[in-house]
Amino acid sequence: MKNSQLLKGVLEGCVLSIIKRKEIYGYDLIKELQRAGLDTIQGGTVYPLLQKLEKNQLIQGNIKDSPDGPNRKYFTLTDQGKSYLADFGIQWIDLVEIVTHILKEEDVE
Amino acid sequence: MKTARQYREAMNELEVNLEPKNKDYFTDLRVYMELSSIATDERVMTEQLYQMNIDFLDAQEEGISAEVFFGNDPKTMADELLKQLPKMTITNALKKVGLIALVLWGIRLFGDFGQPQQIIINPLIYLFDLLIGFGIVSLFLEYIRRSVYQKKFLFTNKILSNTVAILIFVLFILATLTAEWFIPENWAFVVPYPLDIYLTSSLFLISTIVIFLTKLKPFYSISWALFIFVIIGVYERLTYVGFIPETHDSIFLKIAAVVIGFIGYFWISRKTETAK
């Protein structure tokens, strides 16, 4: 199974988690994801996801003046986004526990 | 908050800094998205592209190509982005329709004014122009849109694709020229002299003022073309009513006016292009 298929289900949570830590713009987010180990992540995946999260009001984009370049759009987490991330965190822990248990049982067999 | 036009102009400036292969990638993406987002909020779409453009310039400085940064399937990325775009507001939709109507109706009105006869306005023909204009323009734009990422022969072969584009354009011209043959004239009315001169001259002045006040540079050359149409039309009217005697030289004067019109049109178009 490709890594990308597993990633599809959790990328939203990863992105929201990074945005929660700091206000961030598109390219910076891609670099953070790559630094965290998702080195195959590309703009083609991240930009549509950011747009979707903004449309669903989980994040908010604000254009900020830049002293040495064009103005950039920075993203922050909304209250709705924080709540969504908290739910994601709980569901993820539960899922990891269940899947680990199932895989362990398979090992035993 | 920047407008769609300001974002486009800003992107034109940024793209000068793109390396050739990256520029091709981004230009294709931009054309595809602009043609696919006719019914969406233009400002949001151009803002999205602009932010991606700025980010990519940073990546380019670090030696990353557009294909590596965005991926080798830009069409899928563009389609995903387009899915999320908000729809155009009714006000903006009406503005767009209104602008297209003005252009199409202006072409017919000024074209009729240039003929050696009275202007006859048939509202049904003007409605037909609008419908056929929308249909043909939509067909043409859809063809261009598909050709951006299409690998099929119909779109990649230059001769074939140019032929298709020309055929679509010819279809439009034929449809508008032959409209009078089959559209009923029940509601047609004549615009008599000198009302026709006042009407077209006023419309010309208003449109030129609007074009220059709003700095619509692509339309400067069209303003010049309209001016030539008005001059020819006024000459035709004044000759028709006997105010100016028709001479053997009249045809040469008209040809000269048309030639000056064309030369002026292309010269102004080039000037406004290089001024960008």
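See the structure shown above.
Residues numbered from 1 in each chain as written. Chains lettered and ligands numbered in written order. Predicted model: local features only at pLDDT ≥ 70, side-chain atom pairs only at ≥ 80, totals over all residues. Heavy atoms only, no water.

Draft legend 1. Region of interest: the overall build of chain B. Assigned secondary structure in chain B consists of 12 helices and 2 strands. Beginning at the N terminus, the succession of helices and strands in chain B can be written as α-α-α-α-α-α-β-α-α-α-β-α-α-α. In terms of principal-axis extent, the alpha carbons of chain B reach across some 75 × 40 × 40 Å. Counting only residues that meet the buried cut, chain B has 37% of its 276 residues in that class. In chain B, 75% of the contacts between residues at least 6 apart in sequence involve partners at least 24 apart. (Helix = DSSP H or I, 4+ residues; strand = E, 2+ residues; numbered from the N terminus. Buried < 20%, exposed > 50% of the residue type's maximum accessible area, 1.4 Å probe, protein only. Contact = heavy atoms within 4.5 Å.)

Draft legend 2. Broad picture of the overall build of chain A. Across its full length, chain A holds 4 helices and 2 strands. Each helix (α) and strand (β) of chain A, taken in turn from the N terminus, gives the series α-α-α-β-β-α. Taking 109 residues into account, the globule formula puts the C-alpha radius of gyration at 13 Å, and chain A, at 16 Å, lies well above it. Considered along the principal axes of its C-alpha atoms, chain A spans approximately 60 × 30 × 20 Å. Taken across its 109 residues, chain A has 36% of its residues classed as buried. Within chain A, residue pairs in contact and separated by at least 24 positions form 45% of the contacts whose partners lie at least 6 positions apart. Roughly 7,000 Å² of accessible area belongs to chain A as shown, and the carbon and sulfur atoms make up 51% of that amount. For chain A, the separation between the mean place of its 14 positive charges and that of its 16 negative charges on side chains is 8 Å. (Rg over C-alpha atoms; globule rule 2.2 N^0.38 Å. Areas by Shrake-Rupley, 256 points an atom, 1.4 Å probe, with all protein chains shown as cover. Lys, Arg positive; Asp, Glu negative; His and termini not counted. Charge placed at Lys NZ, Arg CZ, Asp CG, Glu CD.)

Draft legend 3. Just the environment of B:Gly111, in detail. Residues and elements named next belong to chain B. In this fold, Gly-111 is placed in helix 6 (residues 90–113). The spacing of Gly-111 and Leu-226 is 115 residues in sequence and 9.3 Å in space, taken between C-alpha atoms. Discounting residues that sit within four places of it in the chain, Gly-111 has contacts with Gly-106 and Phe-229.

Draft legend 4. The pattern of salt bridges, seen in detail. Taken as a whole, this structure holds 21 salt bridges over all chains when the rule is applied. As a salt-bridge pair, A:Glu23 and A:Lys64 come within 2.6 Å of each other at their nearest N and O atoms. You can see A:Glu23 sitting in the loop between helix 1 (3–21) and helix 2 (26–35) and its partner A:Lys64 sitting in strand 1 (residues 59–64), a full 41 residues away along the chain. The exposure class assigned to A:Glu23 is partly exposed, which follows from its relative accessible area of 33%. Judged by its relative accessible area of 35%, A:Lys64 falls in the partly exposed class. One salt bridge in this structure joins B:Arg8 and B:Glu34, with 3.4 Å as the shortest N-O distance. Residue B:Arg8 is located in helix 1 (residues 4–15), and its partner B:Glu34 is located in helix 2 (residues 20–36); the two are separated by 26 residues in the primary sequence. Within this structure, B:Arg8, B:Glu15, B:Arg30, B:Glu34 and B:Glu42 form a network of salt bridges that share partners. (Salt bridge = Lys/Arg side-chain N within 4 Å of Asp/Glu carboxyl O.)

Draft legend 5. Broad picture of the packing of aromatic side chains. All names here are of chain B. For the structure shown, the criterion picks out 17 aromatic pairs over all chains. Plain terms: the ring middles of Tyr-7 and Tyr-50 are 5.2 Å apart, the flat faces sit at 50° to each other, and that makes the pair tilted. Of this pair, Tyr-7 sits in helix 1 while Tyr-50 sits in helix 3 (residues 42–61), placing them 43 residues apart in sequence. An identical accessibility class is assigned to Tyr-7 and Tyr-50; each is buried. With centroids separated by 5.6 Å and ring planes inclined at 40°, the aromatic side chains of Trp-224 and Phe-227 adopt a geometry described as tilted. In this pair, Trp-224 and Phe-227 both sit in helix 11 (residues 220–240), 3 residues apart, roughly one turn of the helix. Under the relative-accessibility criterion, Phe-227 is labelled partly exposed at 31%. (Phe/Tyr/Trp six-rings, centres within 6.5 Å; stacked < 30°, edge-to-face > 60°.)

Draft legend 6. Highlighting a nonpolar patch on the surface. A contiguous nonpolar surface patch, about 720 Å² in accessible area, is contributed by A:Trp92, A:Ile93, A:Leu95, A:Val96, A:Ile98, A:Val99, A:Ile102 and A:Leu103. A relative accessible area of 49% means that A:Ile98 is categorised as partly exposed. (Patch = residues over 30% accessible without salt bridge, like charges linked within 9 Å, V, L, I, M, F, W, Y side chains within 5 Å.)

Draft legend 7. Molecular detail of the packing of helix 6 of chain B against helix 7 (residues 123–149) of chain B. All names here are of chain B. Running from N to C, helix 6 and helix 7 cross one another at 125°; their axes reach a closest spacing of 10 Å. Put simply, helix 6 runs oblique to helix 7. Note that helix 6 runs across helix 7; the crossing there is right-handed. Residues Val-97, Ile-100, Ala-101, Leu-104, Trp-105, Arg-108, Leu-109 and Asp-112 of helix 6 touch helix 7, and the partners they reach there are Ile-125, Tyr-126, Leu-127, Asp-129, Leu-130, Gly-133 and Phe-134. Of the residues belonging to the contact of helix 6 with helix 7, the class tally is 11 nonpolar, 1 polar and 3 charged. (Axes fitted to C-alpha atoms, helices over the stretch in contact; angles between N-to-C directions. Parallel < 35°, antiparallel > 145°, perpendicular 65-115°, else oblique. Left-handed = near helix turned anticlockwise from the far one by under 90°. Nonpolar A, V, L, I, M, F, W, Y, C, P; charged D, E, K, R; others polar.)

Draft legend 8. Representation of the interface of chain A and chain B. Taken together, the 18 residues of chain A in the interface contact 24 residues of chain B. The salt bridge involving A:Lys73 is made with B:Glu47; its shortest N-O contact spans 3.0 Å. At the junction of chain A and chain B, the tally comes to 11 residue pairs in polar contact (both at pLDDT 80 or more). Only helix 2, helix 3 (43–55) and strand 2 (72–77) of chain A provide two or more residues apiece to the side of chain A that touches chain B. The biggest single contributor to the side of chain A that touches chain B is helix 3 of chain A, with 7 residues. Along the lines of polarity and charge, the residues of the side of chain A that touches chain B split into 7 nonpolar, 6 polar and 5 charged. (Polar contact = N/O pair within 3.5 Å; in protein donor to acceptor, adjacent residues only side chain to side chain.)

Draft legend 9. Summary view of the side chain of B:Asn22. On the secondary structure map, B:Asn22 appears in helix 2. Setting aside its immediate chain neighbours within four residues, B:Asn22 contacts B:Phe56, B:Gln60, B:Ile64, B:Ser65 and B:Ala66.

Draft legend 10. Fine view of helix 10 (residues 195–213) of chain B. All names here are of chain B. Counted at 1.5 Å a residue, the expected span for helix 10 with its 19 residues is 27 Å, and the 27 Å between its end C-alpha atoms agrees. Taken together, the buried positions of helix 10 are Asp-196, Ile-197, Thr-200, Phe-204, Thr-208 and Ile-211. Each buried residue of helix 10 lies within a common arc of 100° when the element is viewed along its axis, so the set occupies one face. Structural note: helix 10 exposes Tyr-198, Ile-206 and Leu-213 on the side pointing more than 90 degrees away from its buried face. (Expected span 1.5 Å × (residues − 1). Arc of directions from axis to C-beta.)

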